[in-house]
Amino acid sequence: MPHSKLPAAFFQRANVLTIARNLLGKHLCTCIDGVVTAGRVVETEAYRHKGDDSLTMHLQRKRHQAQGLHVPGGTAYVYTVYNRYALFNIATHDAAHPDAVLIRAIEPTVGIEEMLRRRGLAEAKRALTAGPGVMSQALGITPALTGLPVTGEVLWFEDHGEEVAEAEVVASPRVGLEYAGPEAAGLPWRFRLRDSKWTSPAK
């Protein structure tokens, strides 16, 4: 079956939770300096501008940078935490609704040698791509890619025809959001594949 690239319309739907869930089993691909790397998405998190204090606080704290979310759905939004880790998000819906999906982990499939080189690892193990910061490093994703379409020649997602059943998905609270208060921290908006060994180690 030919692999089809996900169109912008996939990311421009109104429900960011649906998009985050639907991205499980899709393949995230990058072409950096002519080198293609890719992996199967095994973990995501949804962020919604309404009813989600963590995103509200992000929009306030990083007001200038967060303008990168006021864009058409299907646009990359990459920012750095701890001055070190680049987190790859996709803006969803439209410019008036600054929602986003964070890709937290992939199962590496293409360009593994290049991923190992970027990560400084000798062998493909969980630490290669299990976690949003290390995943971005392995795929060559940096904040310089903010604003690029995730339907282009540098960043894109592919549908390989995999159907992910509800029984295969674990929904749980997102990681590291205690600062946003118990309500935001408790929202079950982290989605991962139950049996994947490539999901991030965070509980």
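Located above this text is the structure these notes cover.
Since this is a predicted model, take the numbers as computed values, not measurements. One numbering rule holds for all chains: residues counted from 1, following each sequence as written. Given that the model is predicted, a residue must reach a pLDDT of at least 70 before its local features are reported, and side-chain atom pairs must reach 80 or more before they are shown or counted; all residues, however, enter totals for whole chains, interfaces and linings. Side-chain figures throughout are based on the complete set of non-hydrogen atoms in the structure, without hydrogens or water.

Quick look at the overall build of the protein now. Helix and strand assignments come from DSSP, with helices taken as H or I runs of at least 4 residues and strands as E runs of at least 2, each series counted from the N terminus. Across its full length, the protein carries 6 helices and 9 strands. This radius of gyration counts C-alpha atoms alone. The globule rule is 2.2 Å times how many residues there are, raised to the power 0.38. For 203 residues, the compact-globule formula gives about 17 Å, and the C-alpha radius of gyration of the protein, at 16 Å, lands near that figure. With the C-alpha coordinates aligned to their principal axes, the bounding extent of the protein is approximately 40 × 35 × 30 Å. Residue burial is assigned from relative accessible area. The probe radius is 1.4 Å, only protein chains are included, and a residue is buried under 20% of its type maximum, exposed over 50%, and partly exposed in between. When the 203 residues of the protein are sorted by exposure, 51% land in the buried category. Of all intrachain contacts in the protein linking residues separated by at least 6 positions in sequence, the fraction that spans at least 24 positions is 63%. The contact definition used throughout considers only heavy atoms, calling two residues in contact when any of these lie within 4.5 Å.

Moving on: the pattern of salt bridges. The term salt bridge refers to a side-chain nitrogen of Lys or Arg lying within 4 Å of a carboxyl oxygen of Asp or Glu. This structure, assessed with the given rule, holds 10 salt bridges. Ionic pairing is found between Arg40 and Glu107, a salt bridge with its closest N-O pair at 2.8 Å. In this pair, Arg40 sits in strand S3 (residues 35-47) while Glu107 sits in strand S6 (residues 99-110), placing the two residues 67 residues apart along the sequence. Arg40 sits in the buried class, given a relative accessible area of 19%. Accessibility expressed as a relative area gives 25% for Glu107, which makes it partly exposed. The shortest N-O distance in the salt bridge between Asp52 and Arg174 comes to 2.7 Å. Taken together, the positions of Asp52 in the loop between S3 and helix H3 (53-61) and Arg174 in the loop between strand S8 (169-172) and helix H6 (182-186) put the pair 122 residues apart, joining distant regions of the chain.

Moving on, we come to the side chain of His27. For His27, the location among the structural elements is in strand S2 (residues 27-32). By the criterion applied in these results, polar contacts are pairs of N or O atoms within 3.5 Å in which, for protein atoms, one can donate a hydrogen and the other can accept it, and in which residues neighboring in sequence qualify only through two side-chain atoms. Only 3.4 Å separates the side chain of His27 from the side chain of His160, close enough to count as a polar contact. In this structure His27 touches Gly39, Arg40, Thr109, Trp156, Phe157, Glu158 and His160, once residues within four positions along its chain are discounted.

A few words on the environment of Gly34. The topology assignment puts Gly34 in the loop between S2 and S3. C-alpha separation for the pair Gly34 and Ala46, spaced 12 residues apart in sequence, amounts to 30 Å.

Looking now at the layout of surface pockets. Any residue with an atom within 4 Å of a point lines the site, the site being either a cavity, points on a 1 Å grid over the protein atoms alone where a 1.4 Å probe fits but cannot get out, or a pocket, an open set with protein on both sides within 12 Å along at least 5 of 7 lines. Grid points are joined across faces, edges and corners, and a volume is the space filled by probe spheres set on the points. Each pocket or cavity is described by its volume, and for the largest pocket that value is around 750 Å³. Considering the residues around the largest pocket, the lining is formed by 28 residues, among which Tyr79, Val81, Tyr82, Leu87 and Val175 are closest to the centre. If you list the elements that add at least two residues to the lining of the largest pocket, you get S3, H3, strand S4 (75-81), strand S5 (85-92), S6 and helix H5 (132-139). A per-class count over the lining of the largest pocket returns 17 nonpolar, 7 polar and 4 charged. When its volume is computed, the second largest pocket comes out at roughly 170 Å³. Around the second largest pocket, the lining residues are Arg84, Tyr85, Ala86, Arg119, Gly133, Val134, Ser136, Gln137, Gly140, Ile141 and Thr142. Elements represented by at least two residues in the lining of the second largest pocket include exactly S5 and H5. For the lining of the second largest pocket, the element with the highest residue contribution is H5, accounting for 4 residues. Looking at the lining of the second largest pocket, its residues break down into 4 nonpolar, 5 polar and 2 charged. Under the scheme applied here, ten amino acids are nonpolar (Ala, Val, Leu, Ile, Met, Phe, Trp, Tyr, Cys and Pro), four are charged (Asp, Glu, Lys and Arg), and all others, including Gly, are polar.

Turning next to the packing of helix H4 (residues 112-119) against H5. Contact geometry of H4 with H5 gives a least axis separation of 7 Å together with a crossing angle of 120°. Crossing hand, H4 versus H5: right-handed. Contacts between H4 and H5 pair Met115, Arg118 and Arg119 from the former with Val134, Gln137, Ala138 and Leu139 from the latter. Each axis is a line fitted through C-alpha atoms, and for a helix only the stretch in contact is used; angles between axes span 0 to 180 degrees, taken between their N-to-C directions. By definition, turning the near helix anticlockwise from the far helix through less than a right angle yields a left-handed crossing, and turning it clockwise yields a right-handed one.

Another point: the environment of Pro108. In this fold, Pro108 is placed in strand S6. Beyond its immediate stretch of four places on either side in the chain, Pro108 contacts Ala38, Gly39, Met115, Leu128, Thr129 and Trp198.

Further remarks concern the state of the cysteines. Covalent bonding between the sulfur atoms of two cysteines defines a disulfide. The definition used for a disulfide is geometric: two cysteine sulfur atoms within 2.5 Å. For the structure on display, the rule yields 0 disulfides. The structure places no disulfide on Cys29, whose sulfur is separated from the nearest cysteine sulfur, that of Cys31, by 10 Å. Among the residues examined, Cys31 registers a relative accessible area of 23% and is labelled partly exposed.

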